[in-house]
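Analysis of the macromolecular model
These are the residues of each chain, in order.
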Amino acid sequence: MSDEPSAPVAADGGAAAAAAPPSLLQGAAAIEPGEASEVVLARLAQACPSALARAAEQTSKRAARAQALEGFLRERFGVEPDPSNGGPLVPAERHFELARALKEELGYKLYVTVCASHWPAQKTKTGEDPEHFELATVLRTLGSGTHQACWRVRIAADVAVVDSLVPLFAGADWQEREQFDLLGVRFRGHPDLRRLMLPDEWEGHPLRKDYAIDTRCVPWR
Amino acid sequence: MASTAAVSSKARASSTEASLTPTRAFVPDPYLDLATYAAAADLLTLSLGPQHPSTHGVFRVVLYLDGELIVKAVPHVGYLHRGVEKLCEKLSYSNVTPILDKNDYVAPMCNEQAANMVFEQLLGVEVPLRAKFVRTLLAELQRIASHLLWLGTFAMDLGGALGGGTSVFMYCFRERELILDLFEELTGCRFHYNTHCIGGNRHDIPAGYPALVHQSLDLIEARLLEYLGMLEHPIFRDRTRGVGTVDAELALELGLTGPLLRASGIDHDLRRDAPYHVYDLLDVNVICDDGGDCYARYKVRLQEIAESIRLSRLLIDNLPAGPICSTKPLSGVTQFKITSGQAYVAIESPRGELGTWLIAGGKGMNPYRMKLRPPSLHALAAVPYLFPRHTLSDAVAILGSLDPIMGEADR
Amino acid sequence: MSKPPDESERNYEHPLYDYMLRVPGLDVAVTSIDQLLTWGATHSLWIFPMATSCCGIEFMAAAASRVDLDRMGAMIRGTPRQCDVMVVAGTITVKMAPRVKRLWDQMPEPKWCVAMGSCAISGDFYRDIYSVVPGIDTAIPVDVYIPGCPPNPETVMAGLLRLQDKVRLRRAGLPVPSDERPEVHDRTIVPTIGRYEDRKRRGGADPISEAQLESARRLLVRGFPMPEGIDAAATPVAPAKEEPKL
């Protein structure tokens, strides 16, 4: 099966390759067997001698950074880490302060992403949870043992305003414009808050939960 | 046209106002008020795109030109905004993968991996060792194909300097087809593979596949030298050296990642620094360059192809036995349920850090909110900083060197 | 393209054509010249690639070294004013559609349009999304549909051969069959604006195209207002549109 001569990876003309039927994928038996994982790992360790040691070093570095971040958040901001939800919930008025502290004191210099989400009003066990937005931000340290810092901010829907991070990271400009465009969260201090993806005349913010996915768009639908 | 433009750009640059003199420390103001500009009345407004052969898809940038020099550039994106994030909220977890194939259509494998890794993290599903090896192999092969496509289109952007421009494009596509053939052999598709699923891969490596991989990689490696012969050329160097320089500080400010960040001299690569799959078993050589200009980006990408070839060989030679998937993807639609939790997982795609922020919630059958972190959008956000003080022809070279994929940037 | 061409539609031929027909004894020569012209028109289709997304990459692959559309005389040109064929390859969004329409209007007659890939045909996969146009045939008339997601380069070539057949028929003054849109899933949204060449939706003397022209014109100005004379509520829409089950 595997020795079929008409292996379709032909360096010459495409017509021959297109005409030849797939020769290797027929039948369930034709699977590359592979070797025992111990053999493979031992051989790879020989081929890449420094890899495992470096990975271990990075893991410990990352753990140290995570610990430092936890301590920092607990001390300065009084929040507990919440790894199952990506990061802790920080008061919205300290959003900018936290970003600046992370950038300038802890070395989280790379602006990764921002993600806003819309939560309509819903009834919970403890009572009514009003409509609100959540804004998650991710920063990252550079180089060996890189660690990402995530935190979330809760924004009331009637205000829907949060501090912009553009004064700290120029890359936040378009990311925040996109969140404004798709969710309607406004950013205080943003130099140029316009729609990014949709035309300027567009009505509504598509990623809100109350926006139907097939909303009419004249004249096509 | 190309070479004369390069010459005249240097001639012009020396004779204009001090604020436009190219110096390392000067960072253009993207929010420049044109009314304050001295020669505002004489500015020419030029709209480049959204349908233009050199914009790599549907990207539009409005240029304000003083003579041939760009004073201000205002980019517009969103011409390919397909609402992928909204669509993902309507789909079950196992159905998200094929949508993300269409997202970054030059590197679909990496998109599939980015999404499935975050699902696996929240579900707590283990991936078998063999599947991890296969994923790493596919990601590296995809990197070769993606960089080859970039090289071809970049050479075409530089146009007349390179023998009509299309020669390098033709050669690069010849080699890219070899990689696509490998993928087609494995998955049945040229692209939009849908081969990753939660817990592993759908398609196992067929018998005889390693020989095919070696054959293709040998060919590509031999032909990489041909590219050097075609591209290491005074005109090519003149048009790329010192053009579109991003220093390390600006690159970090803008959130550039991947080859763009490494070409600015920052030694950062998620494959080595935050290893996923089996990258912790491999010696990944991170290729950096201090230049920060188009030429540095070209060098970094070309060397990354060579590095990916080396890693791919290592992986296909050491394929462990065992299951390819820990769930059962082929026996009908497997329904996964995640009721709560949020996570951000990132991988190193050919264009940089490709991450997914997933919020699970609601009934748990589909994502509550999925945010993709597209490296291309960050790269395009650099345009207002890079274009000013360059000529129009340099702008095309800079845009090409950023390697934007609009499907990914607009989503 | 929908109707068999009558005398008035012959005007796209060479200006001397009608005159030459009237000169006695020239018909033999004209036939030969006509054959030559037809051969030329068929094998020098210059393509304007309206490449927006994934299909654009596959179209590039079709034009590149392995499949090489050039050997069929199809050349890729970056300007609409020199092209005969527009290949719409990729998803067309509401923001992009007016631009496509404008570029189409800039192409000289005779011109053809190829919808490549399911997104350009019906917006498939993204058809339910707020910002996606459900098929480019709502904005410009399509002559050949190439199905696939994305179509292989070989399929693109097959589509081009089909287009060449159509060009031959049109040159000969014979009726050109209009291509049916490939069948898509029942759940596909029926756009409020009609499709060109959609027989099921056509009532009487093509009421759609006027509205389409008007809408495309309106879209070019800011604001996306509903064209006058079209009542969105009265236009036939898809029966009982529920939440799409994806």
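Residues numbered from 1 in each chain as written. Chains lettered and ligands numbered in written order. Predicted model: local features only at pLDDT ≥ 70, side-chain atom pairs only at ≥ 80, totals over all residues. Heavy atoms only, no water.

Regarding the overall build of chain B
Under the convention used in this document: Helix numbers and strand numbers start at the N terminus; a helix is a DSSP run of H or I with at least 4 residues, a strand a run of E with at least 2. Residue exposure (1.4 Å probe, protein chains only): buried if accessible area is under 20% of the type maximum, exposed if over 50%, otherwise partly exposed. By definition in these notes, contact holds between two residues if any of their heavy atoms fall within 4.5 Å. Per-residue and other accessible areas were derived by the Shrake-Rupley procedure at a 1.4 Å probe size, with only the shown protein chains allowed to occlude residues.
When helices and strands are tallied, chain B shows 16 helices and 8 strands. Counting over 411 residues, chain B shows a buried share of 71%. Put simply, of all contacts in chain B between residues at least 6 apart along the chain, 72% involve residues at least 24 apart. When the accessible surface of chain B is split by element, carbon and sulfur atoms take 55% of a total near 11400 Å².

Examining the overall build of chain A
Assigned secondary structure in chain A consists of 5 helices and 8 strands. Counting helices and strands in the order they occur from the N terminus, chain A gives α-α-α-β-α-β-β-β-β-β-β-α-β. In chain A, which comprises 221 residues, the share counted as buried stands at 47%. Counting every atom, chain A has about 10100 Å² of accessible surface; 53% of that belongs to carbon and sulfur.

Examining the sheet that holds strand E1 (residues 89-90) of chain A
Paired through their backbone hydrogen bonds, the strands of a sheet run either parallel or antiparallel. Residues and elements named next belong to chain A. Counted only if it meets this: Two strands are counted as paired when DSSP detects at least two bridges linking them.
Pairing in this open sheet of 4 strands is mixed, and the strands run E1-E6-E5-E2 from one edge to the other. Edge positions in the sheet fall to E1 and strand E2 (110-119), since each of these pairs with one other strand and no more. Sheet topology places E1 next to strand E6 (residues 148-156); 2 bridges connect them, and they run parallel. Counterpart to Leu89 in the pairing with E6 is Arg152.

Focus on the pairing of strand E6 (residues 341-349) of chain B
Residues and elements named next belong to chain B. Burial runs high along E6: 9 of the 9 residues are buried. Burial along E6 is two-sided: Gly341, Ala343, Val345, Ile347 and Ser349 facing one way and Gln342, Tyr344, Ala346 and Glu348 facing the other are all buried. Alignment of E6 against strand E7 (residues 352-360), held across 9 bridges, turns out to be antiparallel. Bridge pairing in E7 places Ala343 opposite Leu358. Linking E6 to E7, which pair antiparallel, is a turn of 2 residues.

Comments concerning the pattern of salt bridges
Cut-off, in case you're wondering: By definition, a salt bridge exists where a carboxyl oxygen of Asp or Glu is found within 4 Å of a side-chain nitrogen of Lys or Arg.
Under the counting rule described, the total for this entry stands at 39 salt bridges over all chains. The residue C:Arg168 makes a salt bridge to C:Asp165 at a minimum N-O spacing of 2.9 Å. On the criterion of helical spacing, the pair formed by C:Arg168 and C:Asp165 is a turn pair, its members being 3 residues apart in helix H6 (residues 153-171). If you follow the salt bridges from partner to partner, you end up with B:Glu140, B:Arg143, B:Arg262, B:Asp269, B:Arg271, B:Glu304 and B:Glu348 in one network.

Some thoughts on the packing of aromatic side chains
Put simply, the test is: Note on aromatic contacts: the rings of Phe and Tyr and the six-membered ring of Trp form a pair at centre separations within 6.5 Å, being stacked when their planes are under 30 degrees apart, edge-to-face when over 60 apart, and tilted otherwise.
One pass over the full model with this rule turns up 15 aromatic pairs over all chains. Ring geometry for A:Trp202 versus C:Tyr130: centroids 6.1 Å apart, planes at 65°, classification edge-to-face. Placement of A:Trp202 in the segment after strand E8 (186-188) and of C:Tyr130 in the loop between helix H5 (118-122) and strand E5 (144-146) is noted, with the two residues assigned to different chains. An identical accessibility class is assigned to A:Trp202 and C:Tyr130; each is buried. With a centroid separation of 5.1 Å and 75° between ring planes, the pair formed by B:Tyr276 and B:Tyr279 is classed as edge-to-face. Taken together, the aromatic side chains of B:Trp150, B:Phe154, B:Phe236, B:Tyr295 and B:Tyr298 make up a single cluster linked through ring pairs.

Overview of the interface of chain A and chain B
Our working definition: Under the rule applied, a polar contact is a pair of N or O atoms within 3.5 Å (in protein, one hydrogen donor and one hydrogen acceptor; residues adjacent in sequence only if both atoms are side-chain atoms).
Counting from both sides, the interface comprises 84 residues of chain A and, opposite them, 78 residues of chain B. Put simply, chain A and chain B have 3 salt bridges between them. Its salt-bridge partner being B:Arg411, residue A:Glu178 comes within 2.6 Å of it at the nearest N-O pair. The tally of links between chain A and chain B comes to 26 residue pairs in polar contact (both at pLDDT 80 or more). Elements with a minimum of two residues in the side of chain A that touches chain B: helix H2 (37-47), helix H3 (51-77), E2, strand E5 (132-140), E6 and helix H5 (172-183) of chain A.

Quick word on the packing of helix H4 (residues 108-123) of chain B against helix H5 (residues 129-158) of chain B
Residues and elements named next belong to chain B. Defined as follows: Where helices are involved, their axes are fitted lines through C-alpha atoms of the stretch in contact, as for all axes, and angles between N-to-C directions lie from 0 to 180°. Note: crossing handedness is left-handed where the near helix turns anticlockwise from the far helix by less than a right angle, and right-handed where it turns clockwise. Side-chain classes follow a simple rule in which Ala, Val, Leu, Ile, Met, Phe, Trp, Tyr, Cys and Pro form the nonpolar group, Asp, Glu, Lys and Arg form the charged group, and the remainder, Gly included, forms the polar group.
Viewed as axis vectors pointing N to C, H4 and H5 meet at an angle of 145°, and their least axial separation amounts to 8 Å. Taken as a pair, H4 and H5 cross one another with a handedness that is left-handed. In contact with Pro108, Met109, Cys110, Gln113, Asn116, Met117 and Glu120 of H4, H5 contributes Arg135, Leu138, Ala139 and Gln142. Partitioning the contact of H4 with H5 into residue classes produces 6 nonpolar, 3 polar and 2 charged.

Focus: the nonpolar core
Just so we agree on the cut-off: Residues belong to a common nonpolar core when they are buried Ala, Val, Leu, Ile, Met, Phe, Trp, Tyr or Cys residues joined through side-chain atoms within 4.5 Å. Note: domain ranges come from an automatic or database domain assignment.
Counting residues in hydrophobic clusters, the biggest one holds 207 residues, and the most contacted among them are B:Phe387, C:Met86 and C:Ile136. It is H5(B) that contributes the most residues to this core, 16 residues altogether. Among the domains, domain 1 (2-76) and domain 2 (84-409) of chain B are the pair contributing at least three residues each to this core. Core analysis: the next-biggest nonpolar cluster, separate from the first, contains 22 residues, C:Ile47, C:Val67, C:Ala89 and C:Val144 among them.

A few points about helix H6 (residues 166-187) of chain B
All names here are of chain B. Keep this limit in mind: The span one expects for a helix is its residue count, reduced by one, times 1.5 Å.
The first and last C-alpha atoms of H6 sit 30 Å apart over 22 residues, in line with the 32 Å expected at 1.5 Å per residue. Here H6 lies mainly inside the structure; 16 of its 22 residues are buried. Looking at the residues trailing H6, positive phi occurs at Gly188, about 90°.

Considering the sheet that holds strand E1 (residues 44-48) of chain B
Residue and element names in this part refer to chain B. Sheet architecture is open: 3 strands sit in the order E1-E2-E3, paired in antiparallel fashion. Looking at strand neighbours, the two that pair on one side only are E1 and strand E3 (69-76), the edges of this open sheet. Direction aside, neighbouring strands of the sheet carry axes that sit 20° apart on average. Strand direction decides the pairing type here: E1 and strand E2 (residues 60-66), joined by 5 bridges, are antiparallel.

Describing the side chain of A:Ser117
Note on placement: A:Ser117 falls in strand E2. Within the structure, the side chain of A:Ser117 is placed 3.0 Å from the side chain of A:Trp119, a separation counted as a polar contact.

So, the layout of surface pockets
Filter applied, for reference: A 1.4 Å probe that fits but cannot get out identifies a cavity on a 1 Å grid over protein atoms alone, an open set with protein on both sides within 12 Å along at least five of seven lines counts as a pocket, and a residue lines either if it has an atom within 4 Å of a point. Grid points are joined across faces, edges and corners, and a volume is the space filled by probe spheres set on the points.
A volume near 1100 Å³ is recorded for the second largest pocket. As for the second largest pocket, its lining consists of 40 residues, and the residues nearest its centre are A:Arg62, A:Gln148, B:Gln121, B:Tyr344 and B:Val345. Of all the secondary-structure elements, those providing two or more residues to the lining of the second largest pocket are H3 and E6 of chain A together with H4, H5 and E6 of chain B. Of the residues belonging to the lining of the second largest pocket, the class tally is 21 nonpolar, 10 polar and 9 charged.

Quick look at unusual backbone geometry
Between C:Cys149 and the following residue, C:Pro150, the backbone shows a cis peptide bond with an omega angle of -15°. Not every positive phi belongs to a glycine, and B:His277 is a case in point at roughly 45°. Tracing the chain through its elements places B:His277 in the loop between helix H11 (270-273) and helix H12 (294-317). The buried category is assigned to B:His277, whose relative accessible area is 11%. Despite not being glycine, C:Asp68 shows a phi value in the positive range, around 60°. Residue C:Asp68 is classed as partly exposed on the basis of its relative accessible area, which comes to 24%.

Digging into the confidence of the model for chain B
Our working definition: As a per-residue measure, pLDDT tells how confident the predictor is, with possible values from 0 to 100.
Looking at chain B, pLDDT values average 82 and 89% of them are 70 or higher. Per-residue pLDDT stays below 50 along residues 1-24 of chain B; that stretch engages in 25 contacts with residues further than four places along the chain or on separate chains.

What to know about H5(B)
Between the first and last C-alpha of H5(B) there are 44 Å, a value that for 30 residues agrees with the 44 Å anticipated at 1.5 Å per step. Within H5(B), 27 of the 30 residues are buried, leaving the element largely enclosed by the surrounding structure.

Looking at the confidence of the model for chain A
Confidence along chain A averages 79 in pLDDT terms, with 84% of residues attaining 70 or more. Here residues 1-28 of chain A is a poorly scored stretch, pLDDT under 50, and it has 41 contacts once near neighbours within four places are set aside; other chains count.

With respect to the pairing of strand E3 (residues 85-89) of chain C
Residues and elements named next belong to chain C. Basically, it comes down to this: Whether a crossover is right-handed comes down to one check: with the strands pointing away from the viewer, does the path from the first strand over the helix to the second run clockwise; if it does, it is right-handed.
The buried fraction of E3 is high, at 5 of 5 residues. The two faces of E3 match: Val85, Val87 and Ala89 on one face and Met86 and Val88 on the other face are all buried. Looking at chain direction, strand E1 (residues 46-51) and E3 are connected through 5 bridges and run parallel. In the sheet register, Pro49 faces E3, and the bridge partner there is Val87. With 5 bridges joining them, E3 and strand E4 (residues 112-116) adopt parallel strand pairing. Pairing of Val87 across the sheet is with Val114, part of E4. Handedness of the β-α-β unit built from E3, helix H4 (residues 97-106) and E4 comes out right-handed.

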